[in-house]
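An overview of the molecular structure
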Amino acid sequence: MRIQHNISALNAHRNLGANNTQASKNLEKLSSGYKINRAGDDAAGLAISEKMRGQIRGLDMATKNSQDSISLIQTAEGALNETHSILQRMRELSVQSANDTNVNTDREALQQEIEQLTKEIDRIANTTEFNTQKLLDGGFNGTFQIGANEGQTMEMGINRMDASALGLSATSTVQADVAAAGGGALKEGSYKVSGGSVFDANSNKVGKVSGQKIHINGNTTESYEFTAAKTSVANGSVITVKKDGAATLKTDLAGGAKELAAGSYEIVGSKIYKDKTEVGSVDGAGNASIAVGDKTLTFTATDLGLSGTLSGGTGANDISKFNVNGVEVSTREQAAGTITTIDTAIKSVSEQRSKLGAVQNRLEHTINNLGAASENLTAAESRIRDTDMAKEMMEFTKNNILMQAAQSMLAQANQQPQGVLQLLG
């Protein structure tokens, strides 16, 4: 018998320590609810779990982003709903004014309401905001982060929806007469000429006017040059750039052109047609005349804001086609043209609302997909990281019993060396 080293006690003590450590870990997992509380518990599992957590939280935030994007769309669409209502009322007034049961006094009253409604369309376009961002002034081109990772985005732009963009202001337009030079193109949107400078929809100066050319500053080394061969670049002119880079320039009407009915005009030979109906003529000097009721309107290219010559020819400066915009109901002819103009405006607003609705429906599906992905990833991450409480309780019970047993055996092992005393007696 040996008393220097009690091997049985050492063995019982070692097992007691091991059981105590395991029981402590069981308690930690049961109290925290996590199977992995530190990297040492499962190094690979921790790395996988953290990667999944990043995806889960990203998906949840992308869901919130999508919901915020829907709120933005609903704000814009709600404003356009009121714009639609205003346009329908304006069309109603135009139809009323086109009837000759009305006298000039009646039409003046109708025109006053038309003008106020036009101003309200402008106010809605210029003041509708979401989180301080203007939505309907042509300056909103947003990128929505709808996924957990880089590049998982969608883009959406909202067209300018004020009176000028909808063709409700008294302007003339010559299509494709503003061409880009220098290999560059402006971003899609609307730009306004004021005081010899060009401003974007957010009132940021982006270029300047030089004669019949518009220089747009791209960066410190390049500029984009737009030449207006037939359109005067005057204060108040509005440049509209489309996705394909094509641009038009609208200018205010003056002189006799102010009384022209809205619509598309074409000069064939010496005759002027509107909607394929002959309405007037043009002489060799480019002076046009159109009979309206009991009077004759006379105007030139200058009155239309154009710098060329009204002619049915095909020369570089010959203007054979032009559009007149505006909502004027002071005469029967103007009221009739206004009906078509408002129909076009209603169509433009409908198209924009349809686009917004399509994006909203897409985002709703996006939210459903993100929710399902987040749920499935959460379940996978839970299997890696979360404690199975029933299994862990079973392990704790086992280790707790073993720990108590080891304590008892340690006590017994400590009693064994006392047998030596009997030999010494």
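For the chain, the name recorded in an unreviewed UniProt entry is Flagellin, with Lysinibacillus mangiferihumi as its organism. As stated in UniProt under Sequence similarities (unreviewed entry), the record for the chain gives "Belongs to the bacterial flagellin family." A UniProt comment under Function (unreviewed entry) is attached to the chain, and it reads "Flagellin is the subunit protein which polymerizes to form the filaments of bacterial flagella."

**A closer look at the nonpolar core**
One finds Leu-87, Met-90, Leu-136, Met-156, Ile-158 and Leu-168 to be the most contacted residues of the largest nonpolar core, which totals 41 residues. Only helix H2 (43–97), helix H3 (104–127), strand E4 (153–157) and helix H4 (332–385) provide two or more residues apiece to this core. Not counting the four nearest positions on each side in its chain, Met-156 is found in contact with Leu-72, Ile-73, Phe-140, Asn-141, Gly-142, Phe-144, Leu-356 and Val-359. Within the second largest apolar cluster, 20 residues are counted, among which are Ala-257, Ala-261, Tyr-265 and Phe-299.

**Let's talk about the domain arrangement of the chain**
Per the domain assignment, the segments of the chain are domain 1 (49–159 + 343–376), domain 2 (170–252) and domain 3 (262–325). Taken residue by residue, the interface counts 5 residues in domain 1 and 4 residues in domain 2. Considering only the surface of domain 1 that becomes buried against domain 2, Asp-137, Gly-138 and Gly-139 emerge as the three largest contributors, covering 70% of it. Inspection of the region where domain 1 meets domain 2 yields 0 salt bridges. There are 0 residue pairs in polar contact (both at pLDDT 80 or more) connecting domain 1 and domain 2. Taken together, the residues that form the side of domain 1 that touches domain 2 break down as no nonpolar, 4 polar and 1 charged.

**Overview of the packing of H2 against H3**
Where H2 meets H3, the axes come as close as 10 Å, and the angle between the chain directions of the two elements is 165°. The orientation of H2 with respect to H3, classified from their angle, is roughly antiparallel. Two packed elements cross with a definite hand, and for H2 against H3 that hand is left-handed. For the pair H2 and H3, the contacting residues are Ala-79, Glu-82, Thr-83, Ile-86, Leu-87, Arg-89, Met-90, Leu-93, Ser-94, Gln-96 and Ser-97 in the first and Arg-107, Leu-110, Glu-113, Ile-114, Leu-117, Thr-118, Glu-120, Ile-121 and Ile-124 in the second. For the contact of H2 with H3, the per-class residue count stands at 10 nonpolar, 5 polar and 5 charged.

**Comments concerning the UniProt feature "domain: Flagellin C-terminal" (unreviewed entry) in the chain**
The feature "domain: Flagellin C-terminal" (unreviewed entry), as annotated in UniProt, sits at residues 339–424 in this numbering. Helix makes up 92% of residues 339–424 and strand 0%, whereas the separation of the span's terminal C-alpha atoms amounts to 127 Å.

**A word on the UniProt feature "coiled-coil region" (unreviewed entry) in the chain**
Per the UniProt annotation, the sites labelled "coiled-coil region" (unreviewed entry) are residues 100–127. Structurally, residues 100–127 is divided into 86% helix and 0% strand, and its ends, taken at the C-alpha atoms, are 38 Å apart.

**Remarks on the pattern of salt bridges**
If you walk through the whole model with that rule in mind, you get 18 salt bridges. As a salt-bridge pair, Arg-123 and Glu-120 come within 2.8 Å of each other at their nearest N and O atoms. One end of the pair is Arg-123 and the other is Glu-120, both in helix H3 and 3 residues apart, which spans about a single turn. Looking at Arg-123, the relative accessible area reads 43%, which means it is partly exposed. On the accessibility criterion, Glu-120 (26% relative accessible area) is partly exposed. One salt bridge connects Lys-295 with Glu-259, and the closest N-O pair in it is separated by 2.5 Å. Placement of the pair is Lys-295 in strand E18 (residues 295–299) and Glu-259 in the loop between strand E13 (247–252) and strand E14 (263–268), with a sequence separation of 36 residues. Among the charged side chains, a network of salt bridges with common partners joins Glu-50, Arg-53, Glu-381 and Arg-385.

**Structural notes on the packing of aromatic side chains**
In this description, a pair of aromatic rings is defined by centroid distance and the angle of the planes. Per the counting criterion, the structure on display carries 2 aromatic pairs. Ring centres of Tyr-265 and Phe-322 lie 5.2 Å apart, and the angle between their planes is 5°; on these two criteria the pair is classed as stacked. Note that Tyr-265 is positioned in strand E14 and Phe-322 in strand E21 (residues 321–324), a separation of 57 residues in sequence. Comparing Tyr-265 with Phe-322 shows no difference in burial state: the two are buried. Note on Phe-299 and Phe-322: the rings are 6.4 Å apart at their centroids and 75° apart in plane angle, and the pair reads as edge-to-face. On the criterion of sequence distance, the pair formed by Phe-299 in strand E18 and Phe-322 in strand E21 is long-range, its members being 23 residues apart. Here Phe-299 matches Phe-322 in class, with each residue buried.

The rules behind these values
Residues numbered from 1 in each chain as written. Predicted model: local features only at pLDDT ≥ 70, side-chain atom pairs only at ≥ 80, totals over all residues. Heavy atoms only, no water. UniProt positions renumbered as here; feature names shortened; annotations may be inferred. Core = buried A, V, L, I, M, F, W, Y, C linked by side-chain atoms within 4.5 Å. Buried < 20%, exposed > 50% of the residue type's maximum accessible area, 1.4 Å probe, protein only. Helix = DSSP H or I, 4+ residues; strand = E, 2+ residues; numbered from the N terminus. Contact = heavy atoms within 4.5 Å. Domains from an automatic or database assignment. Buried area = accessible area lost by both parts, 1.4 Å probe. Salt bridge = Lys/Arg side-chain N within 4 Å of Asp/Glu carboxyl O. Polar contact = N/O pair within 3.5 Å; in protein donor to acceptor, adjacent residues only side chain to side chain. Nonpolar A, V, L, I, M, F, W, Y, C, P; charged D, E, K, R; others polar. Axes fitted to C-alpha atoms, helices over the stretch in contact; angles between N-to-C directions. Parallel < 35°, antiparallel > 145°, perpendicular 65-115°, else oblique. Left-handed = near helix turned anticlockwise from the far one by under 90°. Phe/Tyr/Trp six-rings, centres within 6.5 Å; stacked < 30°, edge-to-face > 60°.

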